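Tertiary structure, described
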Amino acid sequence: DTAVSQTPKYLVTQMGNDKSIKCEQNLGHDTMYWYKQDSKKFLKIMFSYNNKELIINETVPNRFSPKSPDKAHLNLHINSLELGDSAVYFCASSQTQANEQYFGPGTRLTVT
Amino acid sequence: AQSVTQLGSHVSVSEGALVLLRCNYSSSVPPYLFWYVQYPNQGLQLLLKYTSAATLVKGINGFEAEFKKSETSFHLTKPSAHMSDAAEYFCAVRSSGGSYIPTFGRGTSLIVHP
């Protein structure tokens with residue numbers, strides 16, 4: 001009965017590889033987000049989708065590409081991984097753009 | 001524009017002592033304010049929120065926060081700390097209209113000693 005789930009929980013990969021992180025919410029929410037949390041715990045919004053439409057695209061390298069096949073899913077694909085991409089990536093969702101966010105458990109990405 | 005400052009990256013208390021985590025915000029429009037808790041290796045969980053109703057907001061696990069407009073503060077308190085309260089706490093602000101994306105503070109790590 002997990003509300004917001006992410007897979008995988010841990011991801012270790014080498015520089016230059018391409019990887020994806022999947023996110024699913026079963027709350028019936030309209031809006032989904034991707035955040036990056038760095039080693040100092042700072043949380044930064046990356047993307048926001050509302051009803052499968054991109055509404056927020058912060059200053060993120062274009063190696064990062066979100067994809068929302070339906071309202072319940074928002075996946076994050078990362079090309080040509082770099083050392084600086086190592087972080088914890090959180091997916092979140094909210095009923096609408098105006099409501100509080102519910103977070104997934106996070107995906108710890110380590111690029112070696 | 002909006003921003004959040006959490007004073008103290010670490011706060012240490014004894015079990016049973018008062019918990020006070022400080023949060024000051026700036027916002028050009030009336031704000032909505034949130035406190036989230038992050039336990040080790042987990043995602044963020046909403047503790048409580050202020051959305052322009054009562055200024056004293058009660059949340060889960062015995063936490064509460066008071067919105068003070070004159071001081072632009074939204075400090076989080078709990079009368080008696082439990083060991084299980086040890087976690088990272090994040091204050092967040094967003095505007096009541098326009099951009100709904102919250103801005104998060106840098107977090108405060110709460111350490112509870114036996």
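Let me begin by describing the structure that accompanies this report.

**Looking at the overall build of chain A**
When helices and strands are tallied, chain A shows zero helices and eleven strands. Ordered by position in the sequence, the α and β elements of chain A form the string β-β-β-β-β-β-β-β-β-β-β. Expected size for 112 residues packed as a compact globule is a radius of gyration near 13 Å; at 13 Å, chain A falls within 12% of this value. Principal-axis analysis of the C-alpha atoms gives chain A an extent of 35 × 30 × 25 Å. Split into buried and exposed, the 112 residues of chain A put 45% on the buried side. Counting contacts in chain A only where the partners sit at least 6 residues apart, residues at least 24 apart contribute 55% of the total. Just so you have it, chain A exposes about 5,500 Å², and 49% of that area is on carbon and sulfur atoms. The centroid of the 12 positive side-chain charges in chain A is displaced by 6 Å from the centroid of its 11 negative side-chain charges.

**A short note on the state of the cysteines**
Inspection of every chain in the model, using the stated rule, returns two disulfides over all chains. The side chain of Cys23(A) participates in a disulfide bridge whose partner is Cys91(A); the two sulfur atoms lie 1.9 Å from each other. Across the S-S bond of Cys23(A) and Cys91(A) the torsion is about -75°, and the bridge reads as left-handed. A residue pair is termed long-range when its members are at least 10 positions apart, and Cys23(A) in strand β3 (residues 19-25) and Cys91(A) in strand β9 (residues 87-94) qualify at 68 residues. Residue pairing for Cys23(B): its cysteine sulfur links by disulfide to Cys91(B), the two sulfurs lying 2.0 Å apart.

**Thoughts on the environment of Phe67(B)**
Residue and element names in this part refer to chain B. Among the secondary structure elements, Phe-67 is positioned in strand β7 (residues 64-68). In this structure, the C-alpha to C-alpha distance between Phe-67 and Ser-52, residues 15 residues apart in sequence, is 8.9 Å. Setting aside its immediate chain neighbours within four residues, Phe-67 contacts Tyr-25, Pro-31, Leu-33, Tyr-50, Thr-55, Ser-73 and Phe-74.

**Comments concerning the interface of chain A and chain B**
It is common to give the size of an interface as the accessible area that goes away when the parts come together. With 21 residues of chain A at the contact, the number on the chain B side is 17 residues. Around 1,600 Å² of area is buried between chain A and chain B when both sides are counted, 57% of it from carbon and sulfur atoms. At the surface where chain A touches chain B, the tally comes to one salt bridge. Lys49(B) is the partner of Glu100(A) in a salt bridge, and the nearest nitrogen-oxygen pair spans 2.7 Å. At the surface where chain A touches chain B, the tally comes to four residue pairs in polar contact (both at pLDDT 80 or more). Those elements that provide at least two residues to the side of chain A that touches chain B are β4 (31-37) and β5 (43-50) of chain A. Classifying every residue of the side of chain A that touches chain B gives ten nonpolar, six polar and five charged.

**Some details on the sheet that holds β7(B)**
Residue and element names in this part refer to chain B. Overall, antiparallel pairing links the five strands, which are arranged β1-β3-β8-β7-β6 in an open sheet. Two strands bound the open sheet, and with one partner strand each, they are β1 (2-7) and β6 (56-58). Recorded for the sheet is a direction-independent mean angle of 20° between the axes of neighbouring strands. Bridge count for β7 against strand β8 (residues 73-78) is five bridges, and the pairing is antiparallel. Counterpart to Phe-67 in the pairing with β8 is Phe-74.

**Here we look at the pattern of salt bridges**
If you walk through the whole model with that rule in mind, you get six salt bridges over all chains. Linking Asp85(B) and Lys78(B) is a salt bridge whose minimum nitrogen-to-oxygen distance equals 2.8 Å. Take Asp85(B) and Lys78(B): they sit in the same class, and that class is buried. Taken together, the salt bridges that share partners define one network made up of Arg63(A), Glu82(A) and Asp85(A).

**Here we look at the sheet that holds strand β8 (residues 73-78) of chain A**
All names here are of chain A. Taken in spatial order, the four strands of this open sheet run β1-β3-β8-β7, and their pairing is antiparallel. The open sheet is flanked by β1 (4-7) and β7 (64-70), the only strands paired with a single partner. Taking the axes of each pair of neighbouring strands and ignoring which way they run, one obtains an average angle of 20° across the sheet. Of the pairings in the sheet, the one linking β7 to β8 comprises five bridges and is antiparallel in character. Bridge pairing in β8 links Asp-70 to His-73.

So, how was this worked out
- Residues numbered from 1 in each chain as written.
- Chains lettered and ligands numbered in written order.
- Predicted model: local features only at pLDDT ≥ 70, side-chain atom pairs only at ≥ 80, totals over all residues.
- Heavy atoms only, no water.
- Helix = DSSP H or I, 4+ residues; strand = E, 2+ residues; numbered from the N terminus.
- Rg over C-alpha atoms; globule rule 2.2 N^0.38 Å.
- Buried < 20%, exposed > 50% of the residue type's maximum accessible area, 1.4 Å probe, protein only.
- Contact = heavy atoms within 4.5 Å.
- Areas by Shrake-Rupley, 256 points an atom, 1.4 Å probe, with all protein chains shown as cover.
- Lys, Arg positive; Asp, Glu negative; His and termini not counted.
- Charge placed at Lys NZ, Arg CZ, Asp CG, Glu CD.
- Disulfide = S-S within 2.5 Å.
- Buried area = accessible area lost by both parts, 1.4 Å probe.
- Salt bridge = Lys/Arg side-chain N within 4 Å of Asp/Glu carboxyl O.
- Polar contact = N/O pair within 3.5 Å; in protein donor to acceptor, adjacent residues only side chain to side chain.
- Nonpolar A, V, L, I, M, F, W, Y, C, P; charged D, E, K, R; others polar.
- Pairing = 2+ DSSP bridges.
- Axes fitted to C-alpha atoms, helices over the stretch in contact; angles between N-to-C directions.

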